[in-house]
Amino acid sequence: MRILLLNLYFPPDTSATATMAQIVVQALQAKHEVTVLCGRPSYDSAERHPWRLWYSETRAGVRVVRAGSTVFPRHRMRQRVVNYLSYVALAVPLSLFLPCDVVLAMTDPPFEGIVGAFIALLKRRPFVYNIRDLYPDMALGGSLIPEGWLSRLWERLHRWALRRATRIIVLGEDMRERIVAKDVEATRVAVVRDGADLSAMRAPAAPADPEVVGAIRGEFDFVLLHAGNLGFSGAWETLIEAARLLEKSEPGIGLVFVGEGAERDRLAALASGCKSVRFLPFFPRSKIPSVMAAGDVHVITVKRALEGAVVPSKLYGILAAGKPLLVAAPAGCDAARIAVARGCGLAVDPDKPQEAAAAARSLAGDPERVRRMGEAARAAVSDYDRLRELRRFVEIVEEARNA
């Protein structure tokens with residue numbers, strides 16, 4: 001079967017969607033012929049290519065067609081939108097010359113699902129929609145765009161794309177529920193989680209790098225660690241206010257953020273003067289096991305109104321590391337459900353700093369409970385095997401051709 005995958009980012013880009021697109025392609029190409037239609041690399045200046053209207057290359061046996069999109073820095077929203085629009089303007093006509101049996105779209109740019117549905121309509125091919133972040137819900141809930149004519153038009157077009165999709169693949173039950181609530185037939189929406197690489201867990205664990213651990217833990221006796229993107233979806237104010245409350249009563253408890261993102265500078269300013277909060281940049285990928293080992297409890301957060309619009313896939317890496325969870329998110333959020341149901345963490349209201357502080361205080365004062373939660377996390381991860389989830393992903397794409 002010939003599959004055309006649409007996503008703006010693909011390696012050598014290092015974004016999360018580029019990485020997942022590559023993982024999906026590797027799973028599909030074992031049995032099928034895959035063509036990726038993406039944009040010019042833009043994450044690493046060393047990898048940026050000279051402008052051409054389009055060009056084709058082969059990466060690990062996969063044909064990669066790159067539209068000549070702009071490569072403006074992503075931290076400026078207007079320039080990012082220009083990147084999106086330049087990619088779409090070239091990708092749509094290019095797609096008409098790429099043979100395929102199924103069109104598979106991801107969600108970069110945020111309206112890629114609409115583009116994918118349109119291309120599938122023009123090519124008269126089945127359309128599979130892999131939703132990684134649900135737009136425009138996420139843009140509205142994250143206050144990226146105001147409610148108005150643009151959001152209404154976007155939602156109308158997106159619902160059209162959802163109805164056009166032969167199959168819809170989502171990351172969690174909360175996202176599935178949100179989509180079904182948009183009058184989408186439930187049988188067409190399937191949950192395929194990102195999962196964890198269980199084969200890596202079987203290898204002997206290397207000793208944690210003391211420099212990494214020391215940089216994260218510093219003088220803290222107990223560390224709440226958030227490692228990942230600091231974007232618009234987190235209940236950051238709640239976490240920082242909880243840290244301020246803990247500083248007064250439990251100064252040995254620290255909240256450490258490892259990562260970057262659009263909200264990083266604002267959060268650093270918000271936490272100014274609070275000695276219980278520390279911000280560190282991302283460490284090299286080879287140091288991820290040491291980062292995971294450095295925290296006593298790992299934090300996941302989703303602000304209210306965004307449950308199901310965003311599904312934090314960092315959950316599975318935390319479970320694989322055997323670390324407890326503190327989830328500041330609505331009760332319906334997938335991560336909150338799993339933490340409570342599997343006994344591997346606590347879930348708190350994303351709008352109540354006092355509740356988050358109390359949960360952190362109770363965990364810091366009960367090492368045995370933290371140990372049991374870590375064991376429960378390690379036991380739970382076996383239900384989220386990435387290889388098994390990818391096999392299901394491939395089956396759904398194959399089913400779409402005959403639907």
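The structure contained in this document is the topic of the report that follows. Every chain's residues receive numbers from 1 upward, in the order its sequence appears when written. In keeping with the predicted nature of the model, local features appear solely for residues at pLDDT of at least 70, side-chain atom pairs appear and are counted solely at 80 or more, and the whole-chain, interface and lining totals rest on all residues. Values shown for side chains rest on all heavy atoms present in the structure; no hydrogens or waters enter the calculation.

1. Details of the pairing of strand E13 (residues 325–328)
Burial along E13 is two-sided: the face carrying Leu325 and Val327 and the face carrying Leu326 and Ala328 are both buried. For two strands to be treated as a pair, DSSP must find at least two bridges joining them. Secondary structure elements follow DSSP: runs of H or I of four or more residues count as helices, runs of E of two or more count as strands, with numbering from the N terminus. Pairing between strand E12 (residues 297–301) and E13: four bridges, direction parallel. Following the sheet pairing, Ile300 is matched in E13 by Val327. Crossovers are marked right-handed if the path from the first strand over the helix to the second runs clockwise, as seen with the strands pointing away from the viewer. Between E12 and its parallel partner E13, the chain crosses via helix H12 (residues 314–320), and the hand of that crossover is right-handed. Pairing of E13 with strand E14 (residues 345–348) involves four bridges; the strand directions are parallel. From the neighbouring strand, Val327 faces E14, where its bridge partner is Ala347. Accessibility here uses a 1.4 Å probe with only protein chains present; expressed as a share of the type maximum, an area under 20% marks a residue as buried, one over 50% as exposed, and anything in between as partly exposed.

2. Considering the sheet that holds strand E4 (residues 62–67)
The strands that make up a sheet are held in pairs by hydrogen bonds between backbone atoms, and each pair lies either parallel or antiparallel. The mixed open sheet is built from eight strands, whose spatial order is E3-E4-E2-E1-E5-E6-E7-E8. Here the strands that pair on one side only, and so sit at the sheet edges, are strand E3 (54–59) and strand E8 (189–191). Across the sheet, the axes of successive neighbouring strands diverge by a mean angle of 20°, strand direction being ignored. Bridge analysis of E3 against E4 gives six bridges, and the strand direction is antiparallel. Within the sheet, the bridge partner assigned to Thr58 lies in E4 and is Arg63. Here, residues are in contact when the closest pair of their heavy atoms is within 4.5 Å. Only the stretch in contact is used when fitting a helix axis, every axis being a line fitted to C-alpha atoms; angles between N-to-C directions are given from 0 to 180 degrees. Sitting on the sheet, helix H2 (residues 77–95) is in contact with strand E1 (2–6), strand E2 (33–39), E3 and E4, with an inclination near 150° to E2.

3. Here's the deal with the pattern of salt bridges
The term salt bridge refers to a pairing of a side-chain nitrogen on Lys or Arg with a carboxyl oxygen on Asp or Glu at a separation within 4 Å. Applying the stated rule across the entire model yields 26 salt bridges. Its salt-bridge partner being Asp334, residue Arg193 comes within 2.5 Å of it at the nearest N-O pair. Placement of Arg193 in the loop between E8 and helix H7 (198–202) and of Asp334 in helix H13 (residues 334–341) is noted, with a sequence separation of 141 residues between them. Each member of the pair, Arg193 as well as Asp334, carries the same accessibility label: buried. Arg372 is the partner of Glu368 in a salt bridge, and the nearest nitrogen-oxygen pair spans 3.8 Å.

4. A closer look at empty space enclosed by the protein
In this analysis a 1.4 Å probe is tested at points of a 1 Å grid over the protein atoms alone, and where it fits but cannot get out there is a cavity; an open set with protein on both sides within 12 Å along at least five of seven lines is a pocket; lining residues have an atom within 4 Å of a point. Grid points are joined across faces, edges and corners, and a volume is the space filled by probe spheres set on the points. Applying the stated rule across the entire model yields two cavities of 30 Å³ or more. Sorting elements by how many residues they give to the lining of the largest cavity places helix H16 (residues 386–402) first, with four residues. Three categories are distinguished: nonpolar for Ala, Val, Leu, Ile, Met, Phe, Trp, Tyr, Cys and Pro, charged for Asp, Glu, Lys and Arg, and polar for the others, with Gly belonging to the last. Classifying every residue of the lining of the largest cavity gives seven nonpolar, one polar and five charged. Here the second largest cavity defines a volume of roughly 70 Å³. Forming the walls of the second largest cavity are Leu224, Leu239, Ala242, Ala243, Leu246, Ile253, Gly254, Leu255, Ser276, Leu326, Ala356 and Ala360. Elements with a contribution of two residues or more to the lining of the second largest cavity: helix H9 (236–249), strand E10 (253–258) and helix H14 (353–364). The greatest single-element share of the lining of the second largest cavity, amounting to four residues, is contributed by H9.

5. Some remarks on the packing of H2 against helix H3 (residues 112–123)
One can describe the packing of H2 onto H3 by two numbers: an axis separation of 10 Å at closest approach and a directional angle of 20°. Taken together, the axes of H2 and H3 are roughly parallel relative to one another. When the axes of H2 and H3 are compared, the crossing they make is right-handed. In this structure, H2 uses Tyr87, Val88, Ala91, Val92 and Ser95 to contact H3, whose residues at the interface are Glu112, Val115, Phe118, Ile119, Leu122 and Lys123. Residues that form the contact of H2 with H3 fall into these classes: eight nonpolar, one polar and two charged. Any angle that is under 35 degrees is reported as roughly parallel, and any over 145 degrees as roughly antiparallel; angles of 65 to 115 degrees are reported as roughly perpendicular and all others as oblique. Note on convention: near helix rotated counterclockwise from far helix by under a right angle means a left-handed crossing. Clockwise means right-handed.

6. Some thoughts on the packing of aromatic side chains
Here the aromatic set is Phe, Tyr and Trp, taking the six-membered ring for Trp, and pairing holds for ring centres within 6.5 Å; pairs whose planes are under 30 degrees apart are stacked, those over 60 apart are edge-to-face, and all others are tilted. Tallied over the entire structure, the rule returns six aromatic pairs. For the ring pair Tyr84 and Phe111, a centre distance of 6.2 Å and an interplane angle of 85° mean the geometry is edge-to-face. Of this pair, Tyr84 sits in helix H2 while Phe111 is found in the loop between strand E5 (102–105) and H3, placing the two residues 27 residues apart along the sequence. Accessibility expressed as a relative area gives 21% for Phe111, which makes it partly exposed. Measuring from centroid to centroid gives 5.9 Å for Tyr135 and Trp154, while their planes differ by 5°, and the two rings are stacked. You can see Tyr135 sitting in the loop between strand E6 (127–130) and helix H4 (137–141) and its partner Trp154 sitting in helix H5 (residues 149–164), a full 19 residues away along the chain.

7. A look at the packing of H3 against H5
In the contact formed by H3 and H5, the axes pass within 9 Å of each other and the chain directions differ by 50°. Taken together, the axis directions place H3 and H5 in an arrangement best described as oblique. Here H3 runs over H5; the crossing is left-handed. Two secondary-structure elements touch here, H3 through Gly113, Ile114, Ala117, Phe118 and Leu121 and H5 through Trp154, Leu157, His158, Trp160, Ala161 and Arg164. Residues belonging to the contact of H3 with H5 are distributed by class as follows: eight nonpolar, two polar and one charged.

8. Considering unusual backbone geometry
In this model, Asp108 is joined to Pro109 through a cis peptide bond whose omega is 5°. Note on placement: Pro109 falls in the loop between E5 and H3. Omega for the peptide link from Tyr135 to Pro136 comes to 5°, which places this bond in the cis form. Positionally, Pro136 belongs in the loop between E6 and H4. Look at Ala60: it is not a glycine, yet its phi comes out positive at around 50°. Within the secondary structure layout, Ala60 lies in the loop between E3 and E4. Looking at Ala60, the relative accessible area reads 72%, which means it is exposed. In the Ramachandran plot, Asp183 falls in the positive-phi region, its phi being about 65° despite a non-glycine side chain. Tracing the backbone through its elements, the reader meets Asp183 in the loop between helix H6 (173–180) and E8.

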